[in-house]
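If you want the building blocks of each chain, they are given just below.
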Amino acid sequence: MAAHNRYREVHEAKPMRLDSSMTQQARAYAQRLARMGTLQHSSSSERPDQGENLAMACGSGGLSAQRAVEMW
């Protein structure tokens, strides 16, 4: 969250804060993507007034949250 908010600050956007409902929705969508075996954005109707950033990496190194933010 801190890395994400540093980039938001550069663009004069308000900082994000953890929201338990949004966290649950994101977890459910991540599980749905895992079952589908693909990566795709959800429709805007599924996440009204919310943005969405997705990231994926291949290989044994995995992908840290910090690296995902840097990719966006």
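Since this is a predicted model, take the numbers as computed values, not measurements.

About the cut-offs
- Residues numbered from 1 in each chain as written.
- Predicted model: local features only at pLDDT ≥ 70, side-chain atom pairs only at ≥ 80, totals over all residues.
- Heavy atoms only, no water.
- Helix = DSSP H or I, 4+ residues; strand = E, 2+ residues; numbered from the N terminus.
- Buried < 20%, exposed > 50% of the residue type's maximum accessible area, 1.4 Å probe, protein only.
- Contact = heavy atoms within 4.5 Å.
- Areas by Shrake-Rupley, 256 points an atom, 1.4 Å probe, with all protein chains shown as cover.
- Lys, Arg positive; Asp, Glu negative; His and termini not counted.
- Charge placed at Lys NZ, Arg CZ, Asp CG, Glu CD.
- Salt bridge = Lys/Arg side-chain N within 4 Å of Asp/Glu carboxyl O.
- Polar contact = N/O pair within 3.5 Å; in protein donor to acceptor, adjacent residues only side chain to side chain.

A.B. asks: Would you mind going over the overall build of the protein chain in detail, with residue names and values included?
C.D. replies: Looking only at helices and strands, the protein chain has 3 helices and 0 strands in total. Projected onto its principal axes, the C-alpha coordinates of the protein chain cover approximately 35 × 30 × 20 Å. Classification of the 72 residues of the protein chain by burial places 12% in the buried group. Of the contacts made within the protein chain by residues no fewer than 6 positions apart, 23% connect residues no fewer than 24 positions apart. As displayed, the protein chain offers around 6000 Å² of accessible surface, 51% of which is attributable to carbon and sulfur atoms. Of the charged side chains in the protein chain, 9 are positive and 7 negative; the average position of the first set lies 5 Å away from that of the second.

A.B. asks: Break down the pattern of salt bridges for me, citing the residues and quoting the values.
C.D. replies: Evaluated as defined, the whole model comprises 3 salt bridges. For Glu46, the salt bridge goes to Arg32, with nearest N and O atoms at 2.6 Å. In this pair, Glu46 is assigned in the loop between helix H2 (20–36) and helix H3 (65–71) and Arg32 in helix H2, connecting sequence segments 14 residues apart. On the accessibility criterion, Arg32 (31% relative accessible area) is partly exposed.

A.B. asks: Summarise the side chain of Arg47; cite the residues concerned and give the values.
C.D. replies: Position of Arg47 among the secondary structure elements: in the loop between H2 and H3. The buried category is assigned to Arg47, whose relative accessible area is 17%. Separated by 3.0 Å, the side chain of Arg47 and the backbone oxygen of Gln50 make a polar contact. In this structure Arg47 touches His41, Ser42 and Glu52, once residues within four positions along its chain are discounted.

A.B. asks: Give me the side chain of His4: which residues, what numbers.
C.D. replies: You can see His4 is positioned in helix H1 (residues 2–10). For His4, a relative accessible area of 14% corresponds to the buried category. Setting aside residues up to four positions removed in sequence, His4 forms contacts with Met16, Asn53, Val69 and Trp72.

The values are spatial; any link to function lies outside them.
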